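The chain contents come next:
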Amino acid sequence: MYTMENHNSVLGIREYALNQGAAAFAVDIKEAVDQDGASINSVTSVKLSQYPVQRRNEAEVLEGELTGDAYNLFAFPSECNFSGLRFSLDLVNNVKQNTEKILEGSPYSKGRWMVIIDAAKGFATKPPNLSLYPADFVVISFYKLFGYPTGLGALIIKNDAAKLLKKTYFSGGTVSASIADIDFVRRRESVEENFEDGSISFLSIASICHGFKIFNNLTPAAMHRHTMSIVMFLKKKLLALRHENGASVCTLYGNHTLKVSSSDSGSIVSFNVKRPDGSWFGYREVEKLASLSGIQLRTGCFCNPGACAKYLGLSHSDLLSNLEAGHVCWDDKDVINGKPTGAVRVSFGYMSTYEDAKKFIDFIRSSFVSMPSEFEKGYLLRANSVPYPTEGFENRLSSSGCYLKSITIYPIKSCAGFSVKSWPLSTTGLQYDREWLLKSLTGEILTQKKVPEMSLINTFINLNQKMLSVESPRCEGKLQIKLDSDSYLCGKEEFYLHSQRKEYKTIKYGLIFIYEQQYGNMHKCETLFKKRYEVQCYENEINQWFSNAVGQPCTLVRCCHSQYYLSLNKNRSMGMCRDVDSRMNFANEAQFLLISEESVSDLNDRLCSNTQKLSGGAPLYVKPMRFRPNLVISGGEPYAEDGWRNLKIGNTYFTSLGGCNRCQMINFYHQTGQVKKTNEPLATLASYRRVKGKILFGILLRYDPVNGPGLDAHSWLKVGEEVYPNSE
């Protein structure tokens with residue numbers, strides 16, 4: 001028997017029970033009330049509301065179950081790690097002494113009930129007094145107590161209860177004697193010697209002495225008062241936040257009014273954030289923006305599915321529907337069908353201060369309260385891209401005063417590119433653009449997010465010589481690869497795109513397709529597709545060069561064919577969806593990325609203003625190349641490109657696929673040959689370029705063969721060509 005508010009670590013015990021033929025069920029804790037509606041303050045005031053019994057073998061009844069002689073186990077947390085709700089430790093005595101009363105009418109009201117307390121969360125500020133509350137088992141986590149060492153905890157066992165535990169496995173240190181060729185083993189008698197298999201973590205155990213020293217100096221009672229005061233302060237401030245229309249900003253989770261709960265809550269605050277119209281901000285959006293502000297918090301269900309479903313109002317059908325939609329733990333699907341799938345959790349410890357809480361409140365206020373529909377200076381962000389007729393496209397084009405300022409090609413995904421005055425086009429975009437990539441020996445694609453040093457690898461393609469040249473500060477010689485030679489190749493492979501982590505996997509034989517669901521920016525764009533890559537592999541000499549360049553073993557592959565199989569949603573809305581109507585090499589989203597110089601200039605003005613306000617230091621300045629664009633345009637108004645549906649550059653026609661969602665990659669910069677990272681410019685962009693969790697800057701394009709002439713040997717883009725947009 002276990003409370004709904006329980007960590008997965010407790011739910012896992014259920015598997016042992018069900019596999020051995022025992023029953024399992026969840027309970028909610030309620031209070032008995034007198035005739036006047038007041039709670040009865042006595043040991044018998046607790047009432048357990050039982051959920052359906054789970055059993056995997058209905059025909060089997062365990063020995064002693066019907067007569068009440070069987071041993072039963074009740075598990076509850078001293079503090080819920082989702083809501084901070086503290087359960088009264090009186091539950092220990094209630095269950096042990098009054099099961100027939102609190103489980104009245106249940107076939108499991110009789111029997112010998114034992115109790116396990118999950119004190120991993122609550123132990124830090126309110127350790128249980130086992131003289132008053134004689135639980136049989138208590139679980140604690142030193143990692144959650146001190147933050148170090150990872151993965152070290154303890155099981156406290158009552159001596160009488162230890163005699164009932166039956167352990168099957170043994171290893172070094174847990175047996176007195178064993179004989180290899182016959183069925184003979186004699187186990188050690190003491191509990192700790194019998195259960196501590198193998199070499200224990202001596203160094204980790206030694207380190208916790210320092211943690212206990214701090215706790216003994218501060219005392220748990222003082223830490224509890226300190227964290228409680230900060231928690232109450234934060235809750236009061238969050239509940240007081242209002243949008244301009246009067247709507248509340250935050251919904252907090254946790255019912256702390258029950259007498260069966262402790263008179264106070266734990267050191268956490270869990271909540272979700274709402275927009276003025278009542279829709280939800282996704283918790284992942286909150287987490288990402290908090291990270292940019294130097295705030296670390298936890299989001300999701302916190303491995304507590306029962307509390308998550310209970311407080312968020314998620315039914316069984318909701319949970320199963322979310323799973324069918326592809327939602328699993330740790331992914332980015334934070335709002336499905338208008339409901340949040342998790343929450344935001346803020347945790348405090350003895351080192352936390354009121355200044356920390358105030359900084360967090362300022363962050364919520366500046367990032368989520370009464371978000372305006374327009375940007376400063378009147379620059380309106382086009383929130384979505386809607387279907388439009390292609391007839392008469394040529395007649396709707398108008399001169400914008402814009403021209404193509406630069407063209408950049410990135411032959412190897414995530415490596416540095418090179419700029420040119422003119423460049424040929426192909427069916428995949430700019431010829432040779434992101435036609436190569438590096439992958440680890442396990443098949444993982446290497447990108448700057450994981451290997452920032454890739455930005456130091458310079459590339460260049462000589463079209464006349466048909467030669468790819470690559471240089472790296474970590475390699476002495478320049479690597480040159482002929483584009484039309486097979487002498488470097490050592491076979492072909494097929495790649496497929498993994499749906500959850502967006503990684504590539506390698507298969508030697510056969511063909512595997514994985515479906516991936518993409519969601520639009522403003523509209524839910526359920527584009528279901530599968531993509532296959534056929535790639536050429538290179539010989540060991542080339543792979544060794546790149547391994548030295550990035551500092552880890554890797555291989556170079558070249559895309560020679562890619563293919564989509566797709567089914568668009570009924571209105572063919574594109575929004576922020578990946579470009580699936582055209583061929584691509586290894587580009588993430590689309591064939592082309594376009595950036596406006598004027599938009600970058602406006603961003604720099606904001607960066608300069610923010611820097612002077614916050615620190616008074618030298619203004620931060622970013623160049624267009626920080627955003628890895630293929631095309632940079634000049635002229636016109638900042639962010640005018642947001643409203644373009646299609647455009648013509650020279651004699652080439654393009655369709656806009658909407659804004660480009662920016663990530664932490666734009667925060668990497670070079671300094672004295674090293675790759676460093678800051679929180680800008682993404683933090684500033686997040687303050688005024690954010691829509692539905694996306695931070696948009698620049699637009700994605702694909703070549704439009706419908707309105708323009710077909711590609712041939714004379715299809716080139718040239719710097720200086722005028723840009724003709726259509727924004728109708």
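The model shown is predicted, which means the values in this text are computed figures rather than measured ones.

Novice: I keep staring at the overall build of the protein and nothing clicks. Help me out?
Specialist: Within the protein one finds 16 helices and 38 strands. Burial analysis of the protein (728 residues in total) assigns 50% to the buried set. When the accessible surface of the protein is summed, it comes to about 35,600 Å², and 51% of that surface belongs to carbon and sulfur atoms.

Novice: So what exactly am I meant to see when it comes to the nonpolar core here?
Specialist: Soluble globular proteins tend to pack their nonpolar side chains together in the buried interior. Formed by 46 residues in total, the largest nonpolar core has its most connected members in Ile407, Trp423, Trp436, Leu438, Phe546, Leu631 and Leu717. Take this core: its biggest share by element is 5 residues, from helix α14 (residues 540-550). When residues no more than four places from it in sequence are discounted, the contact partners of leucine 631 are Leu404, Ser406, Ile407, Phe592, Leu593, Leu594, Ile595, Ile649, Leu701 and Leu717. Among the nonpolar cores identified, the runner-up in size contains 44 residues, and Phe25, Leu145, Phe215 and Leu314 belong to it.

Novice: How should the pattern of salt bridges be read in this particular structure?
Specialist: Between side chains of opposite charge, a pair can form as their charged atoms come close. Considering all chains together, one arrives at 18 salt bridges under this definition. One salt bridge connects lysine 339 with aspartate 318, and the closest N-O pair in it is separated by 2.9 Å. Taken together, the residues span a long stretch of sequence, with lysine 339 in strand β14 (residues 339-340) and aspartate 318 in helix α11 (residues 316-324) at a distance of 21 residues. Lysine 339 sits in the partly exposed class, given a relative accessible area of 32%. In this structure, the salt-bridge partner of arginine 558 is glutamate 435, at a minimum N-O distance of 2.8 Å. With arginine 558 in strand β28 (residues 554-567) and glutamate 435 in the loop between β19 (429-430) and β20 (436-440), this residue pair connects regions lying 123 residues apart in the sequence.

Novice: Honestly, the packing of aromatic side chains in this entry has me stumped. Any pointers?
Specialist: Think of a pair of aromatic rings as described by two things: how far the centres are apart, and how the planes are tilted against each other in angle. Taken as a whole, this structure holds 24 aromatic pairs when the rule is applied. Ring geometry for phenylalanine 360 and phenylalanine 363: centres 5.9 Å apart, planes at 45°, overall tilted. Pair noted here: phenylalanine 360 and phenylalanine 363 are both in helix α12 (residues 354-368), with a separation of 3 residues, about one helical turn. The buried category is assigned to phenylalanine 360, whose relative accessible area is 3%. Overall, phenylalanine 363 belongs to the buried group, its relative accessible area being 4%. Every member of this aromatic cluster is reached through a ring pair, and the members are Phe142, Phe146, Phe212, Phe215 and Tyr350. Here the guanidinium or amino end of lysine 648 rests over the ring plane of tyrosine 724, the centre of that ring lying 5.3 Å away.

Novice: Whenever I open this one, helix α9 (residues 283-292) confuses me. Can you help?
Specialist: Since there are 3.6 residues in each turn of an α-helix, residues three or four apart along the chain are aligned in direction. Taken together, the buried positions of α9 are Tyr283, Glu285, Val286, Leu289, Ala290 and Leu292. Once α9 ends, the next one or two residues include glycine 294, with phi positive near 75°.

Novice: Looking at this structure, I do not really get the sheet that holds strand β18 (residues 422-426). What am I missing?
Specialist: Strand pairing in a sheet relies on backbone hydrogen bonds. The paired strands run either parallel or antiparallel. Reading across the sheet, the 3 strands line up as β19-β18-β37 and stay open at both edges, with antiparallel pairing between neighbours. Edge positions in the sheet fall to β19 and β37 (716-718), since each of these pairs with one other strand and no more. Sheet topology places β18 next to β37; 3 bridges connect them, and they run antiparallel. The residue of β37 that forms the bridge with serine 422 is lysine 718.

Novice: I tried to follow the pairing of strand β23 (residues 479-482) on my own but got confused; where do I start?
Specialist: Looking along a regular strand, one sees side chains alternate from face to face of the sheet. Only one face of β23 is covered, namely the one carrying Leu479 and Ile481; the face carrying Gln480 and Lys482 has none of its residues buried. Where strand β22 (residues 467-471) lies against β23, 4 bridges are found, and the strand directions are antiparallel. Among the inter-strand pairings, methionine 467 is bridged to a residue of β23, identified as lysine 482.

Novice: Sorry, what's going on with the sheet that holds strand β21 (residues 458-462) here?
Specialist: The antiparallel open sheet is built from 3 strands, whose spatial order is β21-β22-β23. Each of the sheet's edge strands pairs with one partner strand only, and the pair in question is β21 and β23. On average, adjacent strands in this sheet sit at an angle of 20° to one another, irrespective of strand direction. Judged from the 5 bridges that link them, β21 and β22 form a sheet pairing that is antiparallel. Looking across to β22, one finds that asparagine 462 is bridged to methionine 467. Sheet strands touched by α14: β22 and β23. Its angle to β23, the strand with the most contacts, is close to 140°.

The rules behind the values
Residues numbered from 1 in each chain as written. Predicted model: local features only at pLDDT ≥ 70, side-chain atom pairs only at ≥ 80, totals over all residues. Heavy atoms only, no water. Helix = DSSP H or I, 4+ residues; strand = E, 2+ residues; numbered from the N terminus. Buried < 20%, exposed > 50% of the residue type's maximum accessible area, 1.4 Å probe, protein only. Areas by Shrake-Rupley, 256 points an atom, 1.4 Å probe, with all protein chains shown as cover. Core = buried A, V, L, I, M, F, W, Y, C linked by side-chain atoms within 4.5 Å. Contact = heavy atoms within 4.5 Å. Salt bridge = Lys/Arg side-chain N within 4 Å of Asp/Glu carboxyl O. Phe/Tyr/Trp six-rings, centres within 6.5 Å; stacked < 30°, edge-to-face > 60°. Lys NZ or Arg CZ within 6 Å of the ring centre and 35° of its normal. Pairing = 2+ DSSP bridges. Axes fitted to C-alpha atoms, helices over the stretch in contact; angles between N-to-C directions.

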